[in-house]
Amino acid sequence: MNNHTRGDTFLLWGFTSFPALQHLLFVVVFLSHVTIIAANVLIMVAIKLSHNLHTPMYFFLCGLSFSETCTTMVIIPRMLADLLSGTKVISLPECATQMFFFFGLSSNNCFILTAMSYDRYIAIHNPLHYPIRMTRKVCFQQMLASFAVGIMVSLTIVCIVFNVSFCDSKTIQHFFCDISPVVLLACDYTFFHEMVIFVLSVLVLVGSFILIMVSYVFIVSVVVKMPSAKGRSKAFSTCSSHLTVVSIHYGFACSVYLKPKNSASFREDMLMAVIYTVLTPLLNPIVYSLRNREMQTALRKVMSRANRLITLNLNKRNPNL
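Residues numbered from 1 in each chain as written. Predicted model: local features only at pLDDT ≥ 70, side-chain atom pairs only at ≥ 80, totals over all residues. Heavy atoms only, no water.

(A) Spatial organisation of the state of the cysteines. Tallied over the entire structure, the rule returns two disulfides. Covalently, Cys167 is tied to Cys187 through a disulfide, its sulfur atoms 1.9 Å apart. Note that Cys167 is positioned in the loop between helix 5 (136–161) and strand 3 (171–172) and Cys187 in the loop between helix 6 (179–183) and helix 7 (191–223), a separation of 20 residues in sequence. Of the residues examined, Cys187 reaches a relative accessible area of 49% and is grouped as partly exposed. When the cysteines engaged in disulfides are numbered in sequence order, the chain pairs them as 1-3, 2-4. Unpaired in terms of disulfides, Cys139 finds its nearest cysteine sulfur in Cys62, a separation of 12 Å. The class for Cys139 is buried, based on a relative accessible area of 2%. Cys159 carries a free sulfur, and the closest cysteine sulfur to it, the one in Cys95, is 14 Å from it. (Disulfide = S-S within 2.5 Å. Helix = DSSP H or I, 4+ residues; strand = E, 2+ residues; numbered from the N terminus. Buried < 20%, exposed > 50% of the residue type's maximum accessible area, 1.4 Å probe, protein only.)

Structure follows, in C-alpha cells:
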C-alpha cells in the first residue's frame, strides 16, 4: 500500500494494523449499517403513519432517528470503502467536511436528547398544560435550536483544527477525521486551541447531560409524590427508553471525547469510536422498539401494511398464483 500523501491530503490509517480482520470488519459494519438505516427508517415511517404518535415525544424521536441516520452516513460508507481500498487517502477539504458534519450532527443528537427530557418533565409535572406548553411550534423551535447550536459548535471546532499548520506526517491514526488524531499532526497546535476545543466539548456533552439530569431530578421529585403506584409505574415507564438511550449515548461519548489523549491510546480510542459510531446508533432504535408498547404496535402496523402491499403487487404480477 502506498503511504505517501500530497500536501493537501491525509492517509486514514484506521484498521490497517489489522489486515486479517478487515474483510470480517467490512461484513459486520456493513450489516450493522443496513440495520441502522432500516430500523431508523421504520421508526420514522411508523411515527409518520400512526396518528396516535403525533406527539412531541415522538416528534423528537423522529428527529433523533433522522439525525443519527445522517451521522452514520457521514462515517460508515467511507469506513466501508477504506476497508476494501488500498489507498485510504482523504483530501483536506473532505476531512474538514467529514469532521464538520459528524460533530454537528452528534451535537444535535445531544441537544435533541435534552429536549426530550424537558418534554418528559412537562408531561409528568403538568399534564393539563402539556398541550399548551409543548405545541408543534415550540417543538419545531427546539429542534431547530438543537441543529443550529450543533452546527455553530462544529464550525468553531473545524475552523480551529484546520487553521493550524500540519507537519510532514499526514497519517491519521483513525478510520475517520476525528479531532484528536488530526490535531496530533499539527505543528502549531497550542494549549489555547486545546482548551477552546475542550470547553466546547464539555459544553455539548457535560452541559446537555446536566440539563437532562436536572429534568430527571424534577421528574423523580414529582413521581414519588404520586399517590398511585400504577401512576408512578406508568410515569417511570415513559422515561425508561429515553434514560437508557441517554446512558448509552453519553457513556460512550464521554469515554471517547473527555478523557486525556495520547498517541499510545489511539487503538483503544479507535475501538471506542467504532462502538460509538456503529453500536450506539444500532442500539437506540432497538431500545425504543423493545421498551415502548406504542412504538411496538405502530411498527407491527407498518410491517403488516408493507406485507399487504408486497403481497398485492406479487398477485398483480402473477395473477395465476
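(B) The arrangement of helix 5 in detail. With 26 residues, helix 5 ought to run about 38 Å at 1.5 Å a step, and its terminal C-alpha atoms sit 38 Å apart, in line with that. Turning to helix 5, its buried residues are Cys139, Gln142, Met143, Ser146, Gly150, Val153, Ser154, Ile157, Val158, Ile160 and Val161. Along its buried surface, helix 5 packs onto helix 2 (56–84), helix 3 (92–125), helix 6 and helix 7. (Expected span 1.5 Å × (residues − 1). Contact = heavy atoms within 4.5 Å.)

(C) Here's a closer look at the pairing of strand 1 (residues 9–12). Of the two faces of strand 1, the one carrying Thr9 and Leu11 and the one carrying Phe10 and Leu12 are both buried. As paired elements, strand 1 and strand 3 share two bridges and run parallel to each other. Among the inter-strand pairings, Leu12 is bridged to a residue of strand 3, identified as Ile172. (Pairing = 2+ DSSP bridges.)

(D) View of the packing of helix 2 against helix 5. Remark: helix 2 packs on helix 5, axes separated minimally by 10 Å, with the N-to-C direction vectors making an angle of 25°. Considered as vectors, helix 2 and helix 5 are oriented roughly parallel to each other. Where helix 2 crosses over helix 5, the handedness of that crossing is right-handed. Residue-level contacts link Pro56, Phe59, Phe60 and Gly63 of helix 2 to Cys139, Phe140, Gln142 and Met143 of helix 5. Here the residues of the contact of helix 2 with helix 5 are counted per class, giving six nonpolar, two polar and no charged. (Axes fitted to C-alpha atoms, helices over the stretch in contact; angles between N-to-C directions. Parallel < 35°, antiparallel > 145°, perpendicular 65-115°, else oblique. Left-handed = near helix turned anticlockwise from the far one by under 90°. Nonpolar A, V, L, I, M, F, W, Y, C, P; charged D, E, K, R; others polar.)

(E) Highlighting the pattern of salt bridges. One pass over the structure, following the stated rule, counts two salt bridges. Among the ionic pairs, Asp82 bridges to Arg78, the shortest N-O distance being 3.1 Å. Taken as a pair, Asp82 and Arg78 lie in helix 2 at a separation of four residues, close to a single helical turn. Here Asp82 falls in the buried class, since its relative accessible area comes to 9%. A salt bridge links Asp119 to Arg120; the shortest N-O distance between them is 3.0 Å. (Salt bridge = Lys/Arg side-chain N within 4 Å of Asp/Glu carboxyl O.)

(F) Summary view of the sheet that holds strand 2 (residues 89–91). Ordered in space as 2-1-3, the three strands form an open sheet in which the pairing is mixed. The strands lining the two open edges of the sheet, one partner per strand, are strand 2 and strand 3. Examined bridge by bridge, strand 1 and strand 2 share three bridges and lie antiparallel to one another. Each bridged residue has a counterpart across the sheet, and for Leu11 the counterpart in strand 2 is Val89.

(G) Summary view of the packing of helix 3 against helix 7. Close contact between helix 3 and helix 7 brings their axes to 9 Å; oriented N to C, the two are set at 15°. One element, helix 3, and the other, helix 7, form an angle in the roughly parallel class. Relative to helix 7, helix 3 is oriented so that their crossing is left-handed. Residue-level inspection shows Ser107, Cys110, Phe111, Leu113, Thr114, Ser117, Tyr118, Arg120, Tyr121, Ile124 and His125 of helix 3 in contact with helix 7, the latter providing Val204, Leu205, Ser208, Leu211, Ile212, Ser215, Tyr216, Phe218, Ile219, Val222 and Val223.

(H) Molecular detail of a nonpolar patch on the surface. Side chains of Val27, Phe30, Leu31 and Val34 sit close together on the surface and give an oily, nonpolar patch of about 340 Å² of accessible area. Within the secondary structure layout, Val27 lies in helix 1 (residues 22–49). Since its relative accessible area comes to 42%, Val27 is described here as partly exposed. (Patch = residues over 30% accessible without salt bridge, like charges linked within 9 Å, V, L, I, M, F, W, Y side chains within 5 Å. Areas by Shrake-Rupley, 256 points an atom, 1.4 Å probe, with all protein chains shown as cover.)

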